[in-house]
Amino acid sequence: MKTEAERKQIVKDKYSEIARQDRYVNQASCCGAGEASTKVYNVMTDDYAGLEGYTEEADLGLGCGLPTQFAHIQEGDVVIDLGSGAGNDAFVARHETGPTGKVIGIDFSEAMIQKARTNAEKLGQHNVEFRPGDIEEMPVNDATADVIVSNCVLNLVPNKKAVIQEIFRSLKPGGHFSISDIVLVGELPEALRNDAEMYAGCVAGAIQKADYLGHIETQGFENITLQKEKPIEIPDDILARYLDEAEIADFKHGQTGIFSITVFAQKPGKKEEKPKAALSDLQKNQACAPNSGCC
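What counts and how
- Residues numbered from 1 in each chain as written.
- Predicted model: local features only at pLDDT ≥ 70, side-chain atom pairs only at ≥ 80, totals over all residues.
- Heavy atoms only, no water.
- Phe/Tyr/Trp six-rings, centres within 6.5 Å; stacked < 30°, edge-to-face > 60°.
- Lys NZ or Arg CZ within 6 Å of the ring centre and 35° of its normal.
- Axes fitted to C-alpha atoms, helices over the stretch in contact; angles between N-to-C directions.
- Helix = DSSP H or I, 4+ residues; strand = E, 2+ residues; numbered from the N terminus.
- Parallel < 35°, antiparallel > 145°, perpendicular 65-115°, else oblique.
- Left-handed = near helix turned anticlockwise from the far one by under 90°.
- Contact = heavy atoms within 4.5 Å.
- Nonpolar A, V, L, I, M, F, W, Y, C, P; charged D, E, K, R; others polar.
- Pairing = 2+ DSSP bridges.

### Details of the packing of aromatic side chains
Right, so step 1: Within the structure shown, the criterion is met by four aromatic pairs.
Right, so step 2: The rings of Phe168, Phe177 and Phe221 are connected pair by pair, giving a single aromatic cluster.
Right, so step 3: The ring centre of Phe168 lies 4.9 Å from the NZ or CZ of Lys267, which sits over that ring.

The following block contains the structure:
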């Protein structure tokens, strides 16, 4: 059994490699880890193409949901994206929060941070910032964020309870999160559970769905809502690297399920009202023009 530090290093090393992989390779594998399936081109990811703010260059095909679609981000919000990768969800969030808001992406892979910063510069989005850091100890002050999003990242972290505590600390009173992640119902076969590639691939690090939701409730979050749930089917040609034919049949027809879930929850407290932006001189002149119905 590897230590937490060893498992973190496995993920950090692997995601430095994944930052340089083609998106289609990542989509056809388990979160970019291991060889791609030759039978299934999209194992876990959802399609971002219809979302405003989507940037293809920032999409590495590593997600398992669309948390920004469900995050109720408002103009002027401060948003934190946990495990921000090349910036995909951060740029979608930036579209929602607009130029008056701010998006902070946190990732512990320097290769991912550099890729995300390059993408932000190309887009000219100066209110999107990418910080290197461990999401078990976020490099942000208390009560910083209105909204926190994350896409298929908490399952990679050994101490998920610590991350949920950090989310609670970093949210403003009344703030909320929307997080997509991989969870289990039933126990994985030992060969999958103990494999380093499967850990980096968002599978072996997943915990029981009931435990995942229980950590959120125990921390004190309110209005916990399962926004979306879908089963994840691992292709046979990937399973065959770990299990024989009989074990694959038992796994696929047994009581174990792997699911992508998107969860919403809110920190108790009253959310502060944002001041309305003042009209510019041009807007004032337009509003008070003759026959404008104003002034």
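### Focus on the packing of helix H5 (residues 160-170) against helix H8 (residues 209-219)
Right, so step 1: Contact geometry for H5 and H8: axes closest at 10 Å, N-to-C directions at 40°. Taken together, the axes of H5 and H8 are oblique relative to one another. The way H5 lies across H8 gives a crossing that is right-handed. Of H8, the residues touching H5 (which contributes Lys161, Ile164, Gln165 and Phe168) are Tyr212, His215, Ile216 and Gln219.
Right, so step 2: For the contact of H5 with H8, the class distribution of residues is four nonpolar, three polar and one charged.

### Observations concerning the sheet that holds strand E4 (residues 145-151)
Right, so step 1: Strand order in this open sheet of seven strands is E3-E2-E1-E4-E5-E7-E6, and the pairing throughout is mixed. Each edge of the open sheet carries a strand with a single partner, namely strand E3 (128-132) and strand E6 (222-231). Strand after strand, the sheet turns through a mean of 20° between neighbouring axes, direction not considered.
Right, so step 2: Note that strand E5 (residues 171-185) and strand E7 (residues 257-266) share 10 bridges and pair antiparallel. The partner of Ile182 across the bridge, within E7, is Ser260.
Right, so step 3: The strands that H5 touches are strand E1 (78-82), E4 and E5; relative to E5, the one it contacts most, it runs at about 160°.

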